[in-house]
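# Commentary on secondary and tertiary structure
For reference, the chains in residue letters:
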Amino acid sequence: MGPHALPSAINPAKATVMKSRFQFSISATSGKARTGTIQMMRGEIRTPAFMPVGTAATVKAMRPAEVRATGADIILGNTYHLMLRPGAERVARLGGLHKFSGWDRPILTDSGGYQVMSLSALRKITEEGVSFSSHLDGSKHMLSPEL
């Protein structure tokens, strides 16, 4: 491949059928503000977005249809809390986060970075990642950039 050649995955002339995971379009602007949409495989997210927090994959006291009725296109899940309860293995066994939560639209999960800072008394940072003692029962858990 020459110095200016694009890999076939992003070169339309060489690519076979490749679908984008998302597309972003701007609908309107006013000064530095803008509105738009992010088209994801699981649906469209209007921006700016109202994003209810489903800490452990559910928005407290609301069913998914009720969350959708608020106008939400996406929910936010919390990596640290999901790691503790119900746990990644259980979520996987139950069919993944979408099936587990009953939310079939886009979900954004955070990185756990807020807990790295806010739970400093319960964590230790190493080159491998961040180990935590659960605030619930003291059990040990590791967050890392590796899958």
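Residues numbered from 1 in each chain as written. Predicted model: local features only at pLDDT ≥ 70, side-chain atom pairs only at ≥ 80, totals over all residues. Heavy atoms only, no water.

Attention shifts here to the sheet that holds strand 2 (residues 33-40). Spatially, three strands are ordered 1-2-3 in an open sheet, and the strand pairing comes out antiparallel. At either margin of the open sheet sits one strand with a lone partner, and together these are strand 1 (22-30) and strand 3 (43-47). Each strand axis lies, on average, 15° off the axis of its neighbour in the sheet, ignoring direction. Both strand 2 and strand 3 contribute to a ladder of five bridges, which runs antiparallel. In the strand pairing of strand 3, T37 is matched with R46. (Pairing = 2+ DSSP bridges. Helix = DSSP H or I, 4+ residues; strand = E, 2+ residues; numbered from the N terminus. Axes fitted to C-alpha atoms, helices over the stretch in contact; angles between N-to-C directions.)

On inspection of all chains with the given rule, the structure shows one cavity of 30 Å³ or more. For the lining of the largest cavity, the element with the most residues is strand 4 (residues 75-77), which contributes three residues. The residue makeup of the lining of the largest cavity, split by class, is six nonpolar, three polar and no charged. (1 Å grid on protein atoms, 1.4 Å probe; cavity = no way out; pocket = protein on both sides within 12 Å on 5 of 7 lines; lining within 4 Å. Points joined across faces, edges and corners; volume = space filled by probe spheres on them. Nonpolar A, V, L, I, M, F, W, Y, C, P; charged D, E, K, R; others polar.)

The next point concerns the confidence of the model for the protein. Looking at the protein, pLDDT values average 85 and 86% of them are 70 or higher. Low confidence marks residues 1-18, where pLDDT is under 50. Its contacts with residues over four positions away, or in another chain, come to six contacts. (pLDDT = per-residue confidence, 0-100. Contact = heavy atoms within 4.5 Å.)

With that out of the way, let us pick up unusual backbone geometry. Of the consecutive residues T47 and P48, the connecting peptide bond is found in the cis state with omega at 0°. Mapping P48 onto the fold places it in the loop between strand 3 and helix 1 (64-69). Following R85, the chain continues into P86 via a peptide bond in cis, with omega recorded as 15°. With respect to the element layout, P86 can be found in the loop between helix 2 (79-84) and helix 3 (88-93). Look at A57: it is not a glycine, yet its phi comes out positive at around 80°. When you line up the elements, A57 lands in the loop between strand 3 and helix 1.

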